[in-house]
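Listed here are the chains, written in short residue letters.
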There are 2 protein chains.
Amino acid sequence: MANTNQVFIAIIGVGGVGKCFLNQLKSLAARKPSPKLNLCYISTSRKALYNDDYSEVNMEGVVDTLAASSKAPLALPKIVDYLAAAPAKAILVDNTSSQDVADLYPLALSRGVSIVTPNKKAFSGSYQLWQDIFTAAATSGAKVYHESSVGAGLPVISTLKDLVETGDRVTKIEGVFSGTMSFLFNSFAPTQGRGGAWSDEVKKAKSLGYTEPDPRDDLNGLDVARKLTILARLAGLQVESPTAFPVQSLIPKELESCSSGDEFLEKLPAFDKQMEETKAEAAREGKVVRFVGSIDVGANKVKVGLEKFDPSHPIAALKGSDNIISFYTERYGSNPLIVQGAGAGGEVTAMGVTGDLIKVVAQM
Amino acid sequence: MANTNQVFIAIIGVGGVGKCFLNQLKSLAARKPSPKLNLCYISTSRKALYNDDYSEVNMEGVVDTLAASSKAPLALPKIVDYLAAAPAKAILVDNTSSQDVADLYPLALSRGVSIVTPNKKAFSGSYQLWQDIFTAAATSGAKVYHESSVGAGLPVISTLKDLVETGDRVTKIEGVFSGTMSFLFNSFAPTQGRGGAWSDEVKKAKSLGYTEPDPRDDLNGLDVARKLTILARLAGLQVESPTAFPVQSLIPKELESCSSGDEFLEKLPAFDKQMEETKAEAAREGKVVRFVGSIDVGANKVKVGLEKFDPSHPIAALKGSDNIISFYTERYGSNPLIVQGAGAGGEVTAMGVTGDLIKVVAQM
C-alpha cells in the first residue's frame, strides 16, 4: 500500500531552531531526491499549513506563508490521525520545548509515526512517559531520535547508545552540559586572570543572548538536570524525574520569590559575596569552580552542581559556551571518550535534528 | 523472496580485532533476537567454516572450531557469489587489513552485499577504488560502513558524515590520529618533566605492544596518511592516494634500508641527537612537539608531520595513547567540535565494527 519512495514530514515549532532546521531540510530535500521528503504539515502554536490530500507544502518562503495563513493548527491527537493516515510513512519533527507535544509521542509512535526532536521534555519527564515512548516504538517499529536533547548537534546521545548497544559498560559520565553555565563560569572564574563580579557576568551573558529570557531558568540547574536524566536513563538507571537527585540551584533563596527576571537581576548584586567566596575557596586550593553534572552508574548516583577543578583539567580549560562530555567505560578504561564543542545555538541544534531525520529516513 | 527476519553475516579475519568482534557479535545476537544474525561464513587466510546450505556456523567456541577446520577459504570472488545467493540479505565483515579483500568491495556491493570493516585499505588506496566502492553502493543500495578505519570506535567518521550530510561546511580537520605516535610523543616530550631518549621511548612502546611488530610501519607516517586520506575524501577533497601529499617520516634516511625491525631498533640510538634537537627547539619556544595530521579543506592541503604546540593546547595535553580529532566548521565557528579518547585496541576497534553492523542491520 505505502509508497516507499516518499516520506511525509510534519513540523511543529518554527522558532530559532525550527527556522534553521527548515533551511537545512530545504537543502537536504533538494540534494537527496530519493526518497522524496514531502512536507505535509507545519505549525506554530497559532497557525498551520497543510492540505487534506497531503499535497506538498512549498518549503520556499514557508515561514512567511505560515505567518499569513488563516488555518489554525490541528489539535495534537488530530495531527497523529492525519499523519497515520498519510499515503506513505511519516515523521513528526517536534521543534518545540512543549510538554504537551511530548506527551503525544506514545500515541504517535504506537500508530507508526516516527519522532525526531530536540525537545528534552519527553525524555526527562516522568519515567512512566519514558517507558511509554520506548514501548510504543518497540511495538510498532516507529523510530524516536533525539540527539539534540543533550549537547545540541554534538554526538552525545548517539555515542552513548553505541557504547551501550555494542555491550560496553558505562561506569561514569561527567561534564559541562549547559552552554550558559559554561560561558558564565569561564568568564567568572577563568583559568588565567580574575574574572568579573558574578552579577555582572550574568547580565553580560543575558545581553549576549546566552541565557533564557529569565536567567533563573538557567541558574536553577533544571536544564542540566533534565539532560543528566536523559543520559542516566540511556545508561540504564531508572531515574524517576529530574528532581529525584541533588541539583544545586544558583538562585539565592531570598530571590526565589522575585516576580520577574528583571527584579532578580536588580537584586542579584547583593549576593555577589557568596559566589566570590566560593571562587576564593577554590583559588586557595589552586582550583577553579565549574557547574557540572555527573552520573555514577555503579553507585546509581546523579548530581548537578558546583565542583572544583585543577586549571589543567579539560573541564576547567573549556572555552566560550562549549560543552564537554566525558564517558568512562569498561572498554575505554582510565582515559574517557570525550566529546566537546558548542552545545547550544540554532544551527548546531538543528544539525542534530537534521542528522536524526536522515537516519530515520534511511531506515524506512 | 528474501526472508527479512534474518541477516547473513560473513567474517574474514580472526586476529585481535576479529576475536573481540566475535565476542561482541555473540552478545548482540543473543540480546537482539530480531532480525536473527546468522553467521554463515568465517575464515582466516588458511581455514574456513561454512555450509553450502547456509545453515548457521555455531558462534560458541568458533575460533577453536575454525582452527581445527579442514576446509580452505573460498576464493574471494566466490565469497561474493556465496553471499549474493544467500536466502536473505548479507553483510561481509572484513576484519583484515588486506588490500586483496578491500579490492573485492565494489563487486560485493554491486551484488547487494553490504560491507562493515575497520580495514583502511579500501578507503585510502587509489581514488579510483574509492569511487568504485561508493558508486557500487549507491547503485545497488548496499551499505558500506567503516567507522573504525579512523580513531577505532571513536565517533569520527559518523560525525564527519553527519556534518557534511546536514549541509555544514568543514573548513579544517586536525589532530593526533595514531595511538602509537600519541604514546611516543606524550612520553618523549611530556608537558611536565623531561622525557626519555627517543630510541628508548620507541623500544618501550614496542615492548608494551603499542607499535606494529616492525616499528617502522608506525614511524613512516603512512598509517596517519591513510587516515587523513579517508577524512579528506569524506570532506570533499579528491585526494589521489596517501602519498599524494607531504608526509614526514620519522625513519632516518640512513636506516630505511635496514633489513629488519630489530636491526632498525639497534641502530636507532645513533640518531637520537636529531630528535633531541627537535624537542629542544620547541622547548626554547616554551612548546612541545607532537606528530599530527591536518586537512585544510579550503586550500585543498593535507599534511602529516611534527608540529609544535603550547603545553595548554588540547593536542599537547593528550594522555597515554589517546587520539584527538578537531573539526572546524562553518557552524561551529572558532571553537571546533572535538572527539577524544583511545584510538586503538581490540575492544574499542571491534566496538566501531559492531556499532556499524547494528546500523546496517537497522536499514535492512
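Residues numbered from 1 in each chain as written. Chains lettered and ligands numbered in written order. Predicted model: local features only at pLDDT ≥ 70, side-chain atom pairs only at ≥ 80, totals over all residues. Heavy atoms only, no water.

K.L.:
Honestly, helix α12 (residues 222–234) of chain B in this entry has me stumped. Any pointers?
P.N.:
Since one α-helical turn is 3.6 residues long, residues separated by three or four positions face the same way. Residue and element names in this part refer to chain B. In this model α12 runs 18 Å from its N-terminal to its C-terminal C-alpha over 13 residues, within 8% of the 18 Å that 1.5 Å per residue would give. With respect to burial, α12 is a largely interior element, 12 of its 13 residues being buried. Tucked into the core, α12 has its buried residues touching α6 (121–124), α7 (127–140), α8 (157–165), β7 (170–176), β8 (288–296) and β9 (301–309). (Helix = DSSP H or I, 4+ residues; strand = E, 2+ residues; numbered from the N terminus. Expected span 1.5 Å × (residues − 1). Buried < 20%, exposed > 50% of the residue type's maximum accessible area, 1.4 Å probe, protein only. Contact = heavy atoms within 4.5 Å.)

K.L.:
Quick question: what am I supposed to make of the packing of α8(B) against α12(B) here?
P.N.:
How two helices sit against one another is set out by the angle between their axes and by the gap between those axes. All names here are of chain B. One can describe the packing of α8 onto α12 by two numbers: an axis separation of 10 Å at closest approach and a directional angle of 20°. By the angle between their directions, the pair α8 and α12 is classed as roughly parallel. For the pair α8 and α12, the crossing hand works out as right-handed. Mapping the contact onto sequence places Ile157, Leu160, Lys161 and Val164 in α8 and Ile230, Leu231 and Leu234 in α12. Looking at the contact of α8 with α12 residue by residue, the classes come out as six nonpolar, no polar and one charged. (Axes fitted to C-alpha atoms, helices over the stretch in contact; angles between N-to-C directions. Parallel < 35°, antiparallel > 145°, perpendicular 65-115°, else oblique. Left-handed = near helix turned anticlockwise from the far one by under 90°. Nonpolar A, V, L, I, M, F, W, Y, C, P; charged D, E, K, R; others polar.)

K.L.:
Any chance you could explain the pattern of salt bridges here in plain terms?
P.N.:
Where side chains of opposite charge bring their charged atoms close, a pairing between them can arise. One pass over the full model with this rule turns up 32 salt bridges over all chains. Where A:Glu263 meets A:Lys267, a salt bridge forms, and the shortest distance between an N and an O atom there is 2.7 Å. One end of the pair is A:Glu263 and the other is A:Lys267, both in helix α13 (residues 261–267) and four residues apart, which spans about a single turn. B:Glu330 is the salt-bridge partner of B:Arg169, the closest N and O atoms lying 2.7 Å from each other. Taken together, the residues B:Arg169 in the loop between α8 and β7 and B:Glu330 in the loop between β10 (322–329) and β11 (337–342) connect sequence positions 161 residues apart. Since its relative accessible area comes to 48%, B:Arg169 is described here as partly exposed. Look at the salt bridges and you will find they share partners, linking A:Lys120, A:Asp223 and A:Lys227 into a network. (Salt bridge = Lys/Arg side-chain N within 4 Å of Asp/Glu carboxyl O.)

K.L.:
Got a minute to help me understand the sheet that holds strand β7 (residues 170–176) of chain A in this structure?
P.N.:
For sheets, the rule is that strands pair by backbone hydrogen bonds, running either parallel or antiparallel. Pairing is antiparallel across the open sheet formed by 10 strands, whose spatial order is β9(A)-β8(A)-β7(A)-β10(A)-β11(A)-β11(B)-β10(B)-β7(B)-β8(B)-β9(B). Either end of the sheet is taken by a strand with one partner, and the two such strands are β9 (301–309) of chain A together with β9 of chain B. Between one strand axis and the next, the sheet turns by 20° as a mean value, whatever way the strands run. (Pairing = 2+ DSSP bridges.)

K.L.:
I would appreciate a short explanation of the interface of chain B and chain A in the present structure.
P.N.:
Reports of interface size often rely on the accessible area that becomes lost once the parts have come together. Counting from both sides, the interface comprises 36 residues of chain B and, opposite them, 36 residues of chain A. Buried area between chain B and chain A, summed over both chains or domains, comes out near 2800 Å², and the portion from carbon and sulfur atoms is 56%. On inspection of chain B and its partner chain A, the count reaches four salt bridges. Residue B:Glu347 is joined to A:Arg331 by a salt bridge in which the shortest nitrogen-to-oxygen separation is 3.6 Å. Scanning the region where chain B abuts chain A turns up eight residue pairs in polar contact (both at pLDDT 80 or more). For the side of chain B that touches chain A, the elements supplying multiple residues, two or more each, are α1 (16–31), α8, β11 and α15 (346–362) of chain B. With eight residues, α15(B) is the single largest residue contributor to the side of chain B that touches chain A. When its residues are assigned to classes, the side of chain B that touches chain A shows 15 nonpolar, 12 polar and nine charged. In this structure, strand β11 (residues 337–342) of chain A lies alongside β11(B), joined through three bridges in antiparallel fashion. Bridge pairing links A:Gln340 to B:Ile338 in β11(B). (Buried area = accessible area lost by both parts, 1.4 Å probe. Polar contact = N/O pair within 3.5 Å; in protein donor to acceptor, adjacent residues only side chain to side chain.)

K.L.:
Sorry, what's going on with the relation of the copies chain B and chain A here?
P.N.:
Structural alignment of chain B on chain A gives an RMSD of 0.0 Å, achieved by rotating through 180° and translating 0.0 Å along the axis. The symmetry that links the two subunits is that of a two-fold axis. Interface overlap between copies: 100% of the residues of chain B at the interface are likewise at the interface in chain A, consistent with a symmetric, same-surface contact. (Least-squares fit on C-alpha atoms with pLDDT ≥ 70 in both.)

K.L.:
For this particular structure, what's the right way to read the sheet that holds strand β5 (residues 114–116) of chain B?
P.N.:
All names here are of chain B. Taken together, the six strands give an open sheet; going across it, the order is β3-β2-β1-β4-β5-β6, and neighbouring strands pair in mixed fashion. Strands with a single pairing partner mark the edges of an open sheet, and in this sheet they are β3 (48–50) and β6 (144–145). Examined bridge by bridge, β5 and β6 share two bridges and lie parallel to one another. If you follow Val116 over to β6, its bridge partner there is Tyr145.

K.L.:
Help me out: how do you make sense of the UniProt feature "active site" (unreviewed entry) in chain A in this one?
P.N.:
Residue and element names in this part refer to chain A. When the UniProt feature table is mapped onto this chain, "active site" (unreviewed entry) is found at Lys227. Tracing the backbone shows Lys227 in helix α12 (residues 222–234). Look past the residues within four positions of Lys227 in its chain and what remains in contact with it is Lys120, Ser149, Val150, Phe177 and Ser178. (UniProt positions renumbered as here; feature names shortened; annotations may be inferred.)

K.L.:
I'm lost on the confidence of the model for chain A in this one. Help?
P.N.:
It should be kept in mind that the predicted coordinates are not to be read in detail where pLDDT is low. Confidence along chain A averages 95 in pLDDT terms, with 99% of residues attaining 70 or more. Reported confidence for the predicted complex is 0.95 by ipTM and 0.95 by pTM. (pLDDT = per-residue confidence, 0-100.)

K.L.:
In this structure, what is going on with the domain arrangement of chain A? I would like to understand it.
P.N.:
All names here are of chain A. Domain boundaries in chain A define domain 1 (6–153 + 347–362) and domain 2 (156–342). If you average the C-alpha positions of domain 1 and of domain 2, the two centres end up 29 Å apart. Listed per partner, the contact involves 15 residues of domain 1 and 21 residues of domain 2. Counting each side, the surface lost to burial between domain 1 and domain 2 is near 1600 Å², with a carbon and sulfur contribution of 62%. One salt bridge connects Asp223 with Lys120, and the closest N-O pair in it is separated by 3.3 Å. For the pair domain 1 and domain 2, the interface holds eight residue pairs in polar contact (both at pLDDT 80 or more). Looking at which element gives the most residues to the side of domain 1 that touches domain 2, the answer is helix α6 (residues 121–124), with three residues. When the residues that make up the side of domain 1 that touches domain 2 are grouped by side-chain class, the tally is six nonpolar, six polar and three charged. (Domains from an automatic or database assignment.)

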